[in-house]
Amino acid sequence: MLLKDFFNRFPDDESCIDYFKDVRLSLGMICPKCSRTNFKWYKGSRIFQCATCGYRFPLTKGTVMEKSHLPMYDWFFTANMMTSIKQVLSAKEIQHQLEKKYYSPVWLMMMKYRDIMGKRDAMYKLSDEVEIDISFFPTSSIVNVDGEDVIKTQKTPVLVIAESKPVDGILAEYFSKLTMPEYINRASALLQKAEKMNIKKAVQCIKMYSMPNQQYETIRPYIEGSVSSDTKAVTDGGHNLIKLKEILKEHKPYPETEDEIHEVVKSKLPWVHIITGECRSGIEAIHKDIDERFLQPYLNEYCWKFNRRFFRDCKKDKYDLFDHLIRTAAQYTSDIKWRDYEKAINSLNVY
Ligand SMILES: [Zn+2]
């Protein structure tokens, strides 16, 4: 949502609370005590009461805002900033925009949003055809050497999976349906984009996971949990991915020789490379040394936004990316706690 539209829709805390209450009711709530679904709303105390058993609970219970002391306006403003601006935003910037004295609640709020983005995207699997690759992101961790905390830098492996298909195949599908005008438009848009980017595949949804190591046994459960078994996978034939045919319908490895590498990347594995480059440079723009434990939430944010890239600044409220995030906020809680990361944040150069 554009900033001017946000300020019109949500001029104050009250308007945010009203909207969030409506979102919760529209998604459907179940009383934790008696499992009924009718509630009274007490505006002054911001409390729902079960119409059957009388059980009361606050507006934010069972949501990402649970137990937060920040006003709902801050959560809404931040949700809009994170969804309407393409780049990754630093908590320092949001702290400045909201004129907050303390950094930690703002950092925590943004990390919780990133956490629930990952939880939401874990609800579905990729299918049909996927590119799979392992890339490396520069990270840091604090290690204790002779009683002293030392920052160690390393490269963390990241499993990148992109649902993509050859443009030719999609065009053939569209051309078989050309009696419907929307397919003519889709075919034309796809051709234009493929030509502009000079790549031969079109991408749908993506997933990225920060890995403790790059061994097949470590990677395998992540692939099994995020890709349907009837999927065809394309990889660069790396030794850690060679056994993929055990868990997927088909695995087509393309060995990367020095001579072939450019053509293979462009024609067979374009999206895992584009995604990795874009995501890594987005994180590096605000972090000098990212703690490796923060990497997954940032990957979550990148994937969540990428998978909903057509909804950014959508003119219909209910389809707007901001509204997607607020609905997710109403349905998921986060376990991220400031105290678990306090030492790292204070020692590392995190923005
Ligand atoms: Zn009840």
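On a predicted model such as this, the values are computed, not experimentally measured, just so you know. (Residues numbered from 1 in each chain as written. Predicted model: local features only at pLDDT ≥ 70, side-chain atom pairs only at ≥ 80, totals over all residues. Heavy atoms only, no water.)

Draft legend 1. Focus on the pattern of salt bridges. Counted under the stated rule, the structure contains 15 salt bridges. Where Lys4 meets Asp5, a salt bridge forms, and the shortest distance between an N and an O atom there is 3.8 Å. Taking the relative accessible area as the measure of exposure, Asp5 reaches 24% and is therefore partly exposed. (Salt bridge = Lys/Arg side-chain N within 4 Å of Asp/Glu carboxyl O. Buried < 20%, exposed > 50% of the residue type's maximum accessible area, 1.4 Å probe, protein only.)

Draft legend 2. Local environment of the coordination of the zinc ion. Binding of the zinc ion to the protein goes through Cys31 (SG), Cys34 (SG), Cys50 (SG) and Cys53 (SG), at separations of 2.2 to 2.3 Å. Classification of the site at the zinc ion rests on its four donor atoms, whose angles at the metal span 100 to 115°, yielding the label tetrahedral. Look at Cys50 and you get buried, because its relative accessible area is 3%. (Donors = N, O, S within 2.8 Å, 3.2 Å for Na, K, Ca; no water. Tetrahedral: all angles 85-135°; square planar, octahedral: opposite > 155°, others 65-115°.)

Draft legend 3. Fine view of the side chain of Thr328. Mapped onto the elements, Thr328 comes out in helix H12 (residues 321-331). You can call Thr328 buried: its relative accessible area is 4%. With residues up to four places along the chain from it excluded, the contact list for Thr328 reads Ile116, Arg120 and Trp304. (Helix = DSSP H or I, 4+ residues; strand = E, 2+ residues; numbered from the N terminus. Contact = heavy atoms within 4.5 Å.)

Draft legend 4. Local environment of the packing of helix H10 (residues 270-284) against helix H11 (residues 295-307). One can describe the packing of H10 onto H11 by two numbers: an axis separation of 11 Å at closest approach and a directional angle of 120°. Between H10 and H11, the angle falls in the class oblique. You can see that H10 and H11 cross each other, and the crossing is right-handed. When H10 is examined against H11, the residues Trp271, Ile275, Glu278, Cys279 and Ile283 are found in contact with a partner set consisting of Leu295, Tyr298, Leu299, Tyr302 and Phe306. Along the lines of polarity and charge, the residues of the contact of H10 with H11 split into nine nonpolar, no polar and one charged. (Axes fitted to C-alpha atoms, helices over the stretch in contact; angles between N-to-C directions. Parallel < 35°, antiparallel > 145°, perpendicular 65-115°, else oblique. Left-handed = near helix turned anticlockwise from the far one by under 90°. Nonpolar A, V, L, I, M, F, W, Y, C, P; charged D, E, K, R; others polar.)

Draft legend 5. Main features of the sheet that holds strand E8 (residues 250-253). Read from one edge of the open sheet, five strands run E6-E5-E4-E7-E8, paired in mixed fashion. Every interior strand has two partners, whereas the edge strands, strand E6 (201-210) and E8, have only one. Taken over all neighbouring pairs, the strand axes of this sheet differ in orientation by 30° on average, direction set aside. Strand direction decides the pairing type here: strand E4 (residues 129-145) and strand E5 (residues 148-166), joined by 16 bridges, are antiparallel. Residue pairing in the sheet places Ser141 in a bridge with Lys152 of E5. Against the sheet, H10 contacts E4, E5 and E6, and its axis sits at roughly 30° relative to E4. (Pairing = 2+ DSSP bridges.)

Draft legend 6. Spotlight on the UniProt feature "domain: Transposase zinc-ribbon" (unreviewed entry) in the protein chain. In the numbering used here, UniProt assigns the "domain: Transposase zinc-ribbon" (unreviewed entry) feature to residues 11-55. A distance of 32 Å separates the end C-alpha atoms of residues 11-55, which is 33% helix and 18% strand. (UniProt positions renumbered as here; feature names shortened; annotations may be inferred.)

Draft legend 7. Structural detail: the layout of surface pockets. For the largest pocket, the calculated volume is near 600 Å³. Contributing to the lining of the largest pocket are 22 residues, with Lys86, Glu278, Tyr302, Phe306 and Arg309 lying nearest its centre. At the level of elements, helix H7 (181-197), H10 and H11 are the ones that each hand at least two residues to the lining of the largest pocket. Element by element, the count of residues in the lining of the largest pocket is highest for H10, at seven residues. Across the lining of the largest pocket, the residue classes break down as 13 nonpolar, two polar and seven charged. (1 Å grid on protein atoms, 1.4 Å probe; cavity = no way out; pocket = protein on both sides within 12 Å on 5 of 7 lines; lining within 4 Å. Points joined across faces, edges and corners; volume = space filled by probe spheres on them.)

Draft legend 8. Inspection of the nonpolar core at higher detail. Core analysis: the largest hydrophobic core is formed by 76 residues, its most contacted members being Phe20, Met72, Phe76, Trp107, Tyr113, Met208 and Ile275. At nine residues, helix H5 (residues 104-121) tops the list of elements feeding residues into this core. Residue assignment places this core across two domains, with domain 1 (1-59) and domain 2 (129-347) each supplying three or more. Once residues lying within four places of it in the same chain are set aside, the contact partners of Met208 are Phe137, Val158, Leu159, Val160, Ile275, Thr276, Cys279, Gln296, Leu299, Tyr302 and Cys303. Ile134, Tyr209, Tyr216 and Leu248 belong to the second largest nonpolar core, which has 17 residues in total. (Core = buried A, V, L, I, M, F, W, Y, C linked by side-chain atoms within 4.5 Å. Domains from an automatic or database assignment.)

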